[in-house]
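One-letter residues, chain by chain:
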Amino acid sequence: AVTEDVARYAATGAGESYFGSRIQDLVCARGAWLAALLVLQSASSVVLGKFEGLLQRHLALALFLTMLTGTAGNAGNQTSALVIRGLATGEIRAGRDWRRVLWRETRV
């Protein structure tokens with residue numbers, strides 16, 4: 001079905017159902033992608049390293065910040081895709097399930 005394809009493209013690890021997917025499955029599927037993206041984001045640290053003279057006073061922060069912001073953005077995109085899919089399929093109801101969704105995503 002279309003919703004499974006969307007979940008696959010988003011690399012979220014969710015199966016047919018948001019609440020039916022095990023936390024461990026979500027962590028494994030999403031974690032693998034996030035780890036790979038962290039490695040790729042490290043390339044930006046190499047680029048910043050080329051400008052070490054300019055960033056000498058704040059180099060450690062600049063190198064760490066690019067990895068942190070990239071990974072956080074990717075994690076947010078995955079969460080958004082899952083929740084939007086759940087809302088679209090009717091599995092998640094905004095007024096009723098927000099605490100449950102928040103708790104679940106906090107554990108992932």
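Before reading on, note that the structure itself is shown above.
In this text the structure is predicted, and so the values were computed from the model without any measurement.

Visitor: I keep staring at the overall build of the protein and nothing clicks. Help me out?
Guide: Summing up its helical and strand segments, the protein has four helices and zero strands in all. When its helices and strands are written in sequence order, the protein yields α-α-α-α. Put simply, the protein has 108 residues, and 25% of those count as buried. Partitioning the contacts of the protein with sequence separation of at least 6, the portion at a separation of at least 24 is 64%.

Visitor: Could you clarify how one ought to interpret the packing of aromatic side chains in this entry?
Guide: Geometry of an aromatic ring pair is reported as the spacing of the ring centres plus the angle between the planes. Throughout the structure, instances matching the rule amount to zero aromatic pairs. Over the face of the ring belonging to Phe19 we find Arg100, whose NZ or CZ atom lies 3.6 Å from the ring centre.

Visitor: Could you clarify how one ought to interpret the packing of helix 2 (residues 23-49) against helix 3 (residues 59-89) in this entry?
Guide: Each pair of packed helices gets described by two things: the angle between the helix axes and the distance between those axes. Between helix 2 and helix 3, the shortest axis-to-axis distance is 8 Å and the interhelical angle comes to 150 degrees. In this view, helix 2 runs roughly antiparallel relative to helix 3, as classed from their interaxial angle. Here helix 2 runs over helix 3; the crossing is right-handed. Seen from helix 2, the contacting residues are Leu26, Arg30, Trp33, Leu34, Leu37, Leu38, Gln41, Ser42, Ser44, Ser45, Leu48 and Gly49; seen from helix 3, they are Ala62, Leu63, Thr66, Met67, Gly70, Thr71, Asn74, Ala75, Gln78, Thr79 and Leu82.

Thresholds applied
- Residues numbered from 1 in each chain as written.
- Predicted model: local features only at pLDDT ≥ 70, side-chain atom pairs only at ≥ 80, totals over all residues.
- Heavy atoms only, no water.
- Helix = DSSP H or I, 4+ residues; strand = E, 2+ residues; numbered from the N terminus.
- Buried < 20%, exposed > 50% of the residue type's maximum accessible area, 1.4 Å probe, protein only.
- Contact = heavy atoms within 4.5 Å.
- Phe/Tyr/Trp six-rings, centres within 6.5 Å; stacked < 30°, edge-to-face > 60°.
- Lys NZ or Arg CZ within 6 Å of the ring centre and 35° of its normal.
- Axes fitted to C-alpha atoms, helices over the stretch in contact; angles between N-to-C directions.
- Parallel < 35°, antiparallel > 145°, perpendicular 65-115°, else oblique.
- Left-handed = near helix turned anticlockwise from the far one by under 90°.

None of the figures reported here should be taken as evidence of function without further support.
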